[in-house]
Every structure is written in C-alpha cells, then in structure tokens.
Amino acid sequence: MSVRHALLALLSEGPKYGLQLRDEFEARTGEVWPLNVGQVYTTLQRLERDGLVESDDAETEGPQKGFRITAAGQEELAGWLRTPPDLASPPRDELVMKVLVAVRVPGTDVHQVIQVHRRYLVELMQQWTHIKETEAESDLSLALVVDAELFRLDSVTRWLDAADGRIKRAAADQDASQASQDASQASQDASQASQDAG
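Here we summarise the structure given alongside this text.

Analysis parameters
- Residues numbered from 1 in each chain as written.
- Predicted model: local features only at pLDDT ≥ 70, side-chain atom pairs only at ≥ 80, totals over all residues.
- Heavy atoms only, no water.
- Axes fitted to C-alpha atoms, helices over the stretch in contact; angles between N-to-C directions.
- Helix = DSSP H or I, 4+ residues; strand = E, 2+ residues; numbered from the N terminus.
- Parallel < 35°, antiparallel > 145°, perpendicular 65-115°, else oblique.
- Contact = heavy atoms within 4.5 Å.
- Nonpolar A, V, L, I, M, F, W, Y, C, P; charged D, E, K, R; others polar.
- Buried < 20%, exposed > 50% of the residue type's maximum accessible area, 1.4 Å probe, protein only.
- Patch = residues over 30% accessible without salt bridge, like charges linked within 9 Å, V, L, I, M, F, W, Y side chains within 5 Å.
- Areas by Shrake-Rupley, 256 points an atom, 1.4 Å probe, with all protein chains shown as cover.
- Salt bridge = Lys/Arg side-chain N within 4 Å of Asp/Glu carboxyl O.

1. Some remarks on the packing of helix 1 (residues 3-11) against helix 3 (residues 37-49)
Then step 1. The interhelical angle for the contact between helix 1 and helix 3, taken along N-to-C directions, is 80°, at an axis separation of 10 Å. By the angle between their axes, helix 1 is roughly perpendicular relative to helix 3. Judged by residue contacts, Val-3, Arg-4, Leu-7, Leu-8 and Leu-11 of helix 1 engage Gln-39, Val-40, Thr-43, Leu-44 and Leu-47 from helix 3.
Then step 2. Looking at the contact of helix 1 with helix 3, its residues break down into seven nonpolar, two polar and one charged.

The structure is reproduced here in structure tokens:
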C-alpha cells in the first residue's frame, strides 16, 4: 500500500491538514489499515520536498498546517493509478515456504501441516464474512476491503487444496515407481538365479 499516493489522492479533493488526512485515510480504507499520524507528517514532508504537495506556510508546523497537491503531484497520482503493480514474480509467501519446507523435513506429515493452515484460513474467512454481513453493508470502502480479503483467502485455500492433491499424487507416483523398480529387480534376481542353476 502506498501511503504516499493515498495522501496525494486525498489531497486531490482539496487542501487538508495532516490529522484530517489520517482520519480520512482510515475511513476510506475501511479502517482496516491504521495509520500513525507521525507517518502522515513524515510522508507529507517528503511529498513537499519532492514538489508534489505544498503547505500553507513553511514556518507553521503541527496539526494546523494545511497541504494541497501541486500539478506535479496530480501527474504523479494519475501515473500511479494507471500503473499496474509488479506482480510478475511471486512474492515471498510464508505459507508457501512452510509447505515447501515441510515436504523435505523427514517425519513431517505435510497433509496435517496443510490442514492446520487451511482450518485457520476458513476461520478467517468466517470472521470476514461476519464483518461483511454486519458492518460492510453501509460502508462501500469496508465492503470492497472485505471482498478483496475474502477473495484472497479463498485463493490461498484453493492453492492449499491443490498443493495437497499434488503432494499426494507425487507420493503415489513415487510408491508406484518404487514398486515397479522392486518388481524389476526381483525379476532380474530370479533370472540370474535361474542362469546360475543351469
């Protein structure tokens, strides 16, 4: 999440104070991403340094200092809104790493590891569904956040199911391959024994 660009978006509506920006940021993001007011002012200072916002008075500091977006800030915001996020390479996902590691750790029941995480994801989905049913009905921002989180959790759950199936098939294939090798070796041993007897 780019706080920098979120603040530019809020300032594109008109001049605002730092505390007002924090409050509006939290309200517009469904109050699921709390923002420290110190981070707001630090970000505003950087935006001002970069010429993307300007303040009412360079001498005034604190909660009464107003900020407004500049033309360069408008251009930066427009470019950011139209630039897709970099999703080309997979993120370092802790859950993916756990499954990959569990496959290689001797004595680990990978199915059990997957099921523990799957149950947790289902519980989270139930919590988000409850929020959707009770609070998001009248709050568009919260409804959009809840929908995004439900879709994300659903996709992770589906990945766990697919991983579990793939791991089970790989184990079955490995067992079948080992059985075939054992049968081949037994056949070779029997043939050798027959030749030695003759």
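2. Quick word on the side chain of His-5
Then step 1. With respect to the helices, strands and loops of the structure, His-5 is situated in helix 1.
Then step 2. Exposure remark for His-5: the relative accessible area of 8% places this residue in the buried category.
Then step 3. Among residues more than four places away in sequence, those in contact with His-5 are Glu-76, Leu-77 and Trp-80.

3. Concerning a nonpolar patch on the surface
Then step 1. There is a patch of nonpolar side chains on the surface, built from Val-96, Met-97, Leu-100 and Trp-159 and spanning about 350 Å² of accessible area.
Then step 2. Per element, the largest residue contribution to the nonpolar patch is three residues, and it comes from helix 5 (residues 94-104).
Then step 3. Looking at the element boundaries, Leu-100 is found in helix 5.

4. Here we look at the pattern of salt bridges
Then step 1. A full pass over the atoms with the stated rule returns 16 salt bridges.
Then step 2. In this structure, Arg-28 and Glu-24 form a salt bridge, with 3.4 Å as the shortest nitrogen-oxygen distance. Taken as a pair, Arg-28 and Glu-24 lie in helix 2 (residues 18-28) at a separation of four residues, close to a single helical turn.
Then step 3. The class for Glu-24 is buried, based on a relative accessible area of 18%.
Then step 4. What emerges from the salt-bridge pattern is a single network uniting Glu-13, Lys-16, Glu-24 and Arg-28.

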